[in-house]
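Inside the fold
This is what each chain is made of:
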Amino acid sequence: MGTTIIITYNGGGVLIAGSRTSTGMYVANRASDTITLLTDKVYVCRSGSAADSHIVSDYVPYFLHQHTSLWKYFKYLVHLLKIYFYTA
């Protein structure tokens, strides 16, 4: 069980997390970065098994980037189709 504190204020927020990482019942690292950046404005606070939480926090930004890229393409395609059908 990890320690996480989130403080929000007008115009922003602060994330505070404990630094211990476990491997089963053993504390493997007492100075681990448990707050991981996913996107420009999204962070994840990792806790639990070090290997599991680390691999998930590595995969999520990759899939979010793919989704963002496809969404930008989709919006562009919809825009082109609107122009095509409204001018035809």
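Above this text is the structure in question.
Report on the accompanying structure. (Residues numbered from 1 in each chain as written. Predicted model: local features only at pLDDT ≥ 70, side-chain atom pairs only at ≥ 80, totals over all residues. Heavy atoms only, no water.)

Our next topic: the overall build of the chain. In terms of helices and strands, the chain carries 1 helix and 6 strands. Listed by position from the N terminus, the elements making up the chain come as β-β-β-β-β-β-α. Going through the 88 residues of the chain one by one, you find that 10% of them count as buried. Considering only contacts in the chain between residues 6 or more positions apart, those separated by 24 or more positions represent 16%. For the chain, the exposed area adds up to about 7600 Å²; of that, 62% sits on carbon and sulfur atoms. (Helix = DSSP H or I, 4+ residues; strand = E, 2+ residues; numbered from the N terminus. Buried < 20%, exposed > 50% of the residue type's maximum accessible area, 1.4 Å probe, protein only. Contact = heavy atoms within 4.5 Å. Areas by Shrake-Rupley, 256 points an atom, 1.4 Å probe, with all protein chains shown as cover.)

Turning our eyes to something else, we now look at the pairing of strand 2 (residues 12-17). In terms of strand pairing, strand 1 (residues 4-9) meets strand 2 through 6 bridges, oriented antiparallel. Of the residues in strand 2, the one forming a bridge with Thr4 is Ala17. Between strand 1 and strand 2, which pair antiparallel in sequence order, lie 2 residues; one of them, Gly11, sits at a positive phi of approximately 100 degrees. (Pairing = 2+ DSSP bridges.)

A cluster of nonpolar side chains, Ile5, Ile7, Tyr9, Val14 and Ile16, forms an exposed patch at the surface whose accessible area comes to about 430 Å². Elements that contribute at least two residues to the nonpolar patch include exactly strand 1 and strand 2. It is strand 1 that provides the largest number of residues to the nonpolar patch, a total of 3 residues. Inspection of the secondary structure puts Val14 in strand 2. By relative accessible area, Val14 is classed as partly exposed at 36%. (Patch = residues over 30% accessible without salt bridge, like charges linked within 9 Å, V, L, I, M, F, W, Y side chains within 5 Å. Salt bridge = Lys/Arg side-chain N within 4 Å of Asp/Glu carboxyl O.)

Take the environment of Ser53 next. Take Ser53: it is sitting in helix 1 (residues 50-87). For the pair Ser53 and Thr34, spaced 19 residues apart in sequence, the C-alpha separation works out to 9.2 Å.

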